[in-house]
Amino acid sequence: MNNNKRLLVDCMSFEISKDVINEAMRRGGPFVVKGVLQRAEAKNQNGRVYPKGILAREAAAYKSNFVAQRRALGELDHPESPVVNLKNVCCNVTELWFEGDDVKGNMEILSTPSGNIVRELIKNNIRLGVSSRGMGSVKQVGENTVEVQDDFNLICFDIVSNPSTHGAFINENTGGQIITPYSRIDSLIYDFLGELK
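Note that residues are indexed from 1 along each chain, following the sequence as it is written. Confidence filtering applies because this is a predicted model: local features only for residues at pLDDT of at least 70, side-chain atom pairs given and counted only at 80 or more, and all residues used for totals across whole chains, interfaces and linings. Heavy atoms throughout the structure, all of them, feed into the side-chain values; hydrogens and water do not.

With that out of the way, let us pick up the sheet that holds strand β8 (residues 138-142). Strand pairing is defined by DSSP finding a minimum of two bridges between the two strands. Helix numbering and strand numbering both begin at the N terminus, where a helix is a DSSP run of H or I of at least 4 residues and a strand a DSSP run of E of at least 2. On the basis of which strands lie adjacent, the open sheet formed by three strands has the order β3-β9-β8 and mixed pairing. Since the sheet does not close on itself, it has two edges, and those belong to β3 (48-49) and β8, each with one partner. Strand direction decides the pairing type here: β8 and strand β9 (residues 145-148), joined by four bridges, are antiparallel. The residue of β9 that forms the bridge with Q140 is V146.

Bringing the packing of aromatic side chains into the picture now. A pair of Phe, Tyr and Trp rings is counted when the ring centres sit within 6.5 Å of each other, with Trp represented by its six-membered ring. The angle between the planes then sorts it: under 30 degrees is stacked, over 60 is edge-to-face, the rest tilted. Scanning the entire structure with this criterion turns up three aromatic pairs. Aromatic pair Y62 and F66: ring centres 5.2 Å apart, planes at 25°, arrangement stacked. In this pair, Y62 and F66 are both assigned in helix α2 (residues 52-67), four residues apart and thus about one turn of the helix distant. Residue burial is assigned from relative accessible area. The probe radius is 1.4 Å, only protein chains are included, and a residue is buried under 20% of its type maximum, exposed over 50%, and partly exposed in between. We classify Y62 as buried; its relative accessible area is 2%. Three or more aromatic residues joined by ring pairs make a cluster, and in this case those are Y62, F66 and F157.

Our focus in this paragraph is the nonpolar core. Ranked by size, the top nonpolar core spans 34 residues in total, and within it Y62, V93, L96, M107, V118, F157 and I159 carry the most contacts. The set of elements that each furnish at least two residues to this core consists of β1 (6-14), β2 (31-39), α2, β5 (89-99), β6 (102-109), α3 (113-123), β7 (128-136) and β10 (153-160). In what follows, residue pairs with any heavy atoms lying within 4.5 Å of each other are defined as contacts. Those residues in contact with L96, other than ones at most four positions away along the chain, are L37, A59, Y62, K63, V67, V103, K104, G105 and F157. Among buried residues, those of type Ala, Val, Leu, Ile, Met, Phe, Trp, Tyr and Cys that are joined through side-chain atoms within 4.5 Å constitute a nonpolar core.

In structure tokens form, the structure reads like this:
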């Protein structure tokens, strides 16, 4: 393993409306959210840029090796490990595709103890994030900017509380309002700018 290779985590925020929760509960089926899981060619709040070629390669490998085999599991919160711990699993990515510079997907929130925590937080209008976890090295390419290198390996997508990557939109499959805050500060800026329009 490359000595410079380290755990890389990047988060995207999402929020689901009460109507979405009520519809999912009424149907009694799986609770599925969808939207942007990761973005290429854009500097995130961690100062990282993922080249599109590298992210597309890893998304394709993840799709065939994990999503297609129904084992694209993610945890509640990011552990300090490159291994997915089954006792903390809360979600499973059921579909994954590239659209423009965005990796998009459908993510089922599971009925596990951690998945139930996610459901309850969403039902109580708590803003959460989806976060990619991978191993790789980075190269300084500008002031406060690093580029993820070719040795990057995507591990999974987790549910977390602290978003860092710009512009993810995950929404329940049958409807619901899409909200676009990237973080608490960006949310305030967007709310303020919206009032000026």
